[in-house]
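What follows is the residue order along each chain.
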Amino acid sequence: MRNISKRELDLLLNRDQKVFVKFYKMYAPKLVDHINCYVKNVEEAKDITEDIFVNFYKLSRTYDRNKSNIFTWLCAIGKNKAIDYLNKEYNDTIHEFDDKIYGVESKPNFMLLDLKEIMDEDDYNIMCLKYIEELTVKEVSVIMNVSERTIFRKLKIIEEIVKNYVEVNNNE
């Protein structure tokens, strides 16, 4: 991929529309691919890329041509936006999970003893620490002596177990 020239970069940063269109056509597809490596959803990657380009001039105030080329800078922004998206998705999932656990939809709470019988001991302990004791993921990771990433991964597994348990017991 050809880099944008120094002259074009100067024009771009001074809001030249023709150079911006060229810049967009040159870098947007590669940025979508880069972001998609994180979010694993092409449509979301396209949305994030569009957001970056729509806000390009506002974001460009943070660009320092002495530190990186423009595409490297765009990729760093894309990575950060992708992480923000994933964190939001994860938090939305956790809130749905909390609703099921605490019976917000006025369904009776499930029995923890039933879950203890069907869950791995570590998963059950993580669930209790996170949702009963209301500890943060960081606190749970310290107690369980595993990484925060492992706790996040196990919370996804726990969510599936609880979701299946709720579905089976709601049908009875």
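Keep in mind it's a predicted model, so treat the numbers as computed, not measured. (Residues numbered from 1 in each chain as written. Predicted model: local features only at pLDDT ≥ 70, side-chain atom pairs only at ≥ 80, totals over all residues. Heavy atoms only, no water.)

### Quick look at the overall build of the protein
Logical step 1: Looking only at helices and strands, one finds nine helices and zero strands in the protein.
Logical step 2: The order of helices and strands in the protein, counted from the N terminus, is α-α-α-α-α-α-α-α-α.
Logical step 3: Put simply, the protein has 172 residues, and 36% of those count as buried.
Logical step 4: A separation threshold of at least 6 residues defines the contact pool for the protein, and within that pool the share at least 24 residues apart is 57%. (Helix = DSSP H or I, 4+ residues; strand = E, 2+ residues; numbered from the N terminus. Buried < 20%, exposed > 50% of the residue type's maximum accessible area, 1.4 Å probe, protein only. Contact = heavy atoms within 4.5 Å.)

### Describing the environment of Val146
Logical step 1: Residue position: Val146 is located in the loop between helix H8 (137-144) and helix H9 (148-170).
Logical step 2: Taking the relative accessible area as the measure of exposure, Val146 reaches 33% and is therefore partly exposed.
Logical step 3: In this structure Val146 touches Ser141 and Ile151, once residues within four positions along its chain are discounted.

### Considering the pattern of salt bridges
Logical step 1: Counting across every chain of the model gives eight salt bridges.
Logical step 2: In this structure, Asp10 and Arg65 form a salt bridge, with 2.7 Å as the shortest nitrogen-oxygen distance. With Asp10 in helix H1 (residues 6-13) and Arg65 in the loop between helix H4 (56-59) and helix H5 (70-102), this pair connects stretches of sequence that are 55 residues apart. (Salt bridge = Lys/Arg side-chain N within 4 Å of Asp/Glu carboxyl O.)

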